[in-house]
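Descriptive analysis of the structure
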Amino acid sequence: MSATALSIEGLRKSFGAKDVLRGVSLDVEIGEIRALLGANGAGKSTLIGCLSGALQPDAGSITVDGQVHTGFTPRTAFDAGIAVIYQHFSLIEPLSVADNIFLGDERVKHGTLRPREQEAVATELLQMIGAGFSPRTEVSRLTVGERQLVEIAKVLRREPKVLVLDEPTAALGEREARLLGERLLQLRDSRDIAIIYVTHLLHEVFSLADSITVLRDGAVALEERMATVHHEDVIAAISPSYQVETRRRSAVVGDDAPVLSLKGLHTSFVGPLDLDLAPGQVTALFGLMGSGRTEILETLMGMRTPSQGQMFLRGRAHRPGSPSRAIADGFALVPADRKQRGVFAQLSSADNVLLPHVQRLATPIARHRSRERNAFARVADRVRLQPADPTTLCRHFSGGNQQKLVVGRWLVDGGDVDVLLLDEPTQGIDIGARGDLYRLIRETVTETATTIVFASSDPEEVLLLADRVLVLQRGRIVVDAPADSLTEQDLLAAAHGSSTSELESEVA
Amino acid sequence: MTVSLSPARGRIVGARGATGARVGRFVASNTLLIALVLLCLFFTTQSSRFLTTGNLTGITLQSAILLVIVVPMSLLLMSGDVDLSVGSVVGISAVVTGLAMTQWSVPPPIAVVLGVATGTVIGAVNGILIAFGRFSALIVTLGMLAGLRGLAEVIAPRPVYGFTPWFSTFGSGRSFGVPYLVMVAIVVVAIGAYVLGLRPAGKHIKAIGTNREAAFLSGVRVNAMSFWLFVGTGAAAGLGGVMIAARLNSAPATSAGVNLELDVLTAALLGGIAFTGGRGSIRGPVLGVLFLGVLQNGLTMMNVAPAWAVVAKGGALVGAAALDWMTRRTTSADT
């Protein structure tokens, strides 16, 4: 049974000057579940893209079932026997389950669809994976877990040699996630198939996988049988410990009255949250993608309505309902998706910074150019904008300087931001600008006693920048501690959902 | 947001019994049909000439060209694209057909083929630019709308007329009481319903309109499908041009098909085609065309000024959007 199902040899892929895959080699056998791990940006998505045919590798080969390929289109990847189930669902909501299962490869006779035949096959597939709904159901009526099963049924129909699941449990509840795991084990034992399971969750790895591959910076950092690997090895391979430089803390976690309090807060995904945030403090929300970081920031900002619980701003109920109300209350958000939600690429640097302030700076009749110029100059100096020119279009700045514009927007004199929320503030930003932003955040908090909350998936950044760290896992706070008392390993272990003792019992 | 009257969305809530709920569901999913019947009843009370075989046949004849074009346009909209050029494609195809018969001495059947081919080629150009060249459908087809109208006037500065009896019979004749043009429309509607309901392409169209990326990753040939939808829409508009020339027995470059694209889009919207793609039927837009036809005909019969008929058309559309909004609010209350 130990025939090789998939063999990847020296796979390379770069985007522009950035080498994302730097010669990845990987062998997976039939009847094996291989866990694939790596930090965000380690190259997992690119590797999967090359397997699914969404991306073309620059060099290297992919051998499936003895056939050598140098790259795929989505169609040839299917034909070769690789099936990929994506993190984001790719089902077509207005179509039925059966239509989705057969999409792109319908059963036809003389060009006419055979819906009965399709439904019969779909019923069989759904039964095999224990799904209890009819193939005629419209997908829009299914729950997230049910849709996941449709995705699996859809790819199983093509009898793939290799099944790739990209964080399949990210959107599932605990019970649904466990059921999925059982079905995958069953599938591995009942069919000639190799399964590649991409995940961030270590406890899934240890309960499901036969072997593990960790990617770091586009190369394989670890490859082991599960029986011979320890969780410390895995965490070390994902993110080797850096020399964390000694940092100067602002005032000790204070006894000041909290600026912001959350009491039993729930959103669709997050909760319950009980939390007090002090002024003049930087709090980090550390967690993996889908842990609820962004949801919390968006709820504070009025972009989501809590389903339960209350928020208090300086003791008064905080129910923003919209970002504009939240801004009026002294909140500001720097979103993670800078391009889509942060900058106005076609506007000048000054317009980007002053947009929320133009009204305030203006005279009753017209904009006040000299006040605007001065306000911009002060911000540009403070954030160390390069070049510090008010007329340059935003899109001509580097990523780091664009981010300085977005952050600077909330640091204009008289803007009165009490609570500054930052979502992945340094994602995709070069080292130099990153340092500027860190310094800026620390300066802001010491000089103005602003309350700063930032979400990050970078443990190094969290420990460098925060006074207090909250680790989130599946919408719950699992760690709340001063940054001084934590190490990167602590953060990763907590976020990956396993305390050491739990892990050992699972391994044993 | 999308305007949609035909598809039932969830249950109607309320303390009514099972029968009441069933009636409610029927009303929700057949709003346009019910509105059409009510409109017919209203006009019947207003004019004794409305409910006559002659008048009803006249309405279908008036609607035939719109029907031919609304079918592929609806498929195109469901795939998330739009073709604004159809009015001018109708114009230039009518002119080409007319010139072929009068100036180039081509036999009428060949002239018909030339007219349809003109639309097909334009559709192919649209398709290549939009599906493969990644140009915006709005820009390309808006440019075609203006450019082709001008071109039609350049090649035929004055109305083309004086066609052979064979051709004018195609426009005005009938068999077993059914006008030939209506027969053409019925065939096109049948083809549309077949493609949407029974061919894989029907599923692919909705898939592309819902999530192009997901469709692509499922192995659907998304660009080829978009291309063929533009070709089909162009061909149908070409056929529409031939039909208009046959019915008018002339091909006026300045007026044939002017503003037709607006009527086509209005009918599609009334018929529950989501302009954002993904949802829709053939039945809906067909009823939409008939609704517009009955409205126009009935108001003319009541001697209402033509300008008011245009106002009524716009009102119907806004009313449909409002009604859809209200139904969706009631039906989503229980989810």
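Residues numbered from 1 in each chain as written. Chains lettered and ligands numbered in written order. Predicted model: local features only at pLDDT ≥ 70, side-chain atom pairs only at ≥ 80, totals over all residues. Heavy atoms only, no water.

**Quick word on the overall build of chain B**
- Along its length, chain B carries 14 helices and four strands.
- Taking 2.2 N^0.38 as the reference for a compact globule, 335 residues should give roughly 20 Å; the C-alpha atoms of chain B span a radius of gyration of 21 Å, in line with that estimate.
- Expressed as a percentage of its 335 residues, the buried residues of chain B come to 53%.
- Restricting the contact set of chain B to residue pairs at least 6 apart, pairs at least 24 apart contribute 77%.
- A total accessible area of about 14800 Å² is found for chain B, and carbon and sulfur atoms account for 69% of it. (Helix = DSSP H or I, 4+ residues; strand = E, 2+ residues; numbered from the N terminus. Rg over C-alpha atoms; globule rule 2.2 N^0.38 Å. Buried < 20%, exposed > 50% of the residue type's maximum accessible area, 1.4 Å probe, protein only. Contact = heavy atoms within 4.5 Å. Areas by Shrake-Rupley, 256 points an atom, 1.4 Å probe, with all protein chains shown as cover.)

**Let's talk about the sheet that holds strand β1 (residues 4-15) of chain A**
Residues and elements named next belong to chain A.
- Strand order across the open sheet formed by four strands is β2-β1-β4-β5, with antiparallel pairing between neighbours. The open sheet has two free edges, formed respectively by β2 (18-29) and β5 (67-69), since each of these has just one partner strand. Sheet twist, expressed as the mean angle between neighbouring strand axes with direction ignored, is 15 degrees.
- Pairing geometry for β1 and strand β4 (residues 59-64), over five bridges, is antiparallel. Looking at β4, one finds that S7 is bridged to T63.
- Lying on the sheet, helix α1 (residues 44-52) is in contact with β1, β2 and β4; it crosses β1 at an angle near 115 degrees. (Pairing = 2+ DSSP bridges. Axes fitted to C-alpha atoms, helices over the stretch in contact; angles between N-to-C directions.)

**Brief notes about the interface of chain B and chain A**
- Taken together, the contacts link 21 residues of chain B with 25 residues of chain A.
- A combined buried area of about 1900 Å² lies between chain B and chain A, and 62% of that area is made up of carbon and sulfur atoms.
- At the junction of chain B and chain A, the tally comes to two salt bridges.
- Between B:R279 and A:E138 there is a salt bridge, with the nearest N and O atoms lying 3.3 Å from each other.
- There are eight residue pairs in polar contact (both at pLDDT 80 or more) connecting chain B and chain A.
- Residue assignment for the side of chain B that touches chain A shows that the elements contributing at least two residues are α8 (180-198), α9 (200-210) and α10 (212-217) of chain B.
- Residue classes in the side of chain B that touches chain A are distributed as eight nonpolar, eight polar and five charged. (Buried area = accessible area lost by both parts, 1.4 Å probe. Salt bridge = Lys/Arg side-chain N within 4 Å of Asp/Glu carboxyl O. Polar contact = N/O pair within 3.5 Å; in protein donor to acceptor, adjacent residues only side chain to side chain. Nonpolar A, V, L, I, M, F, W, Y, C, P; charged D, E, K, R; others polar.)

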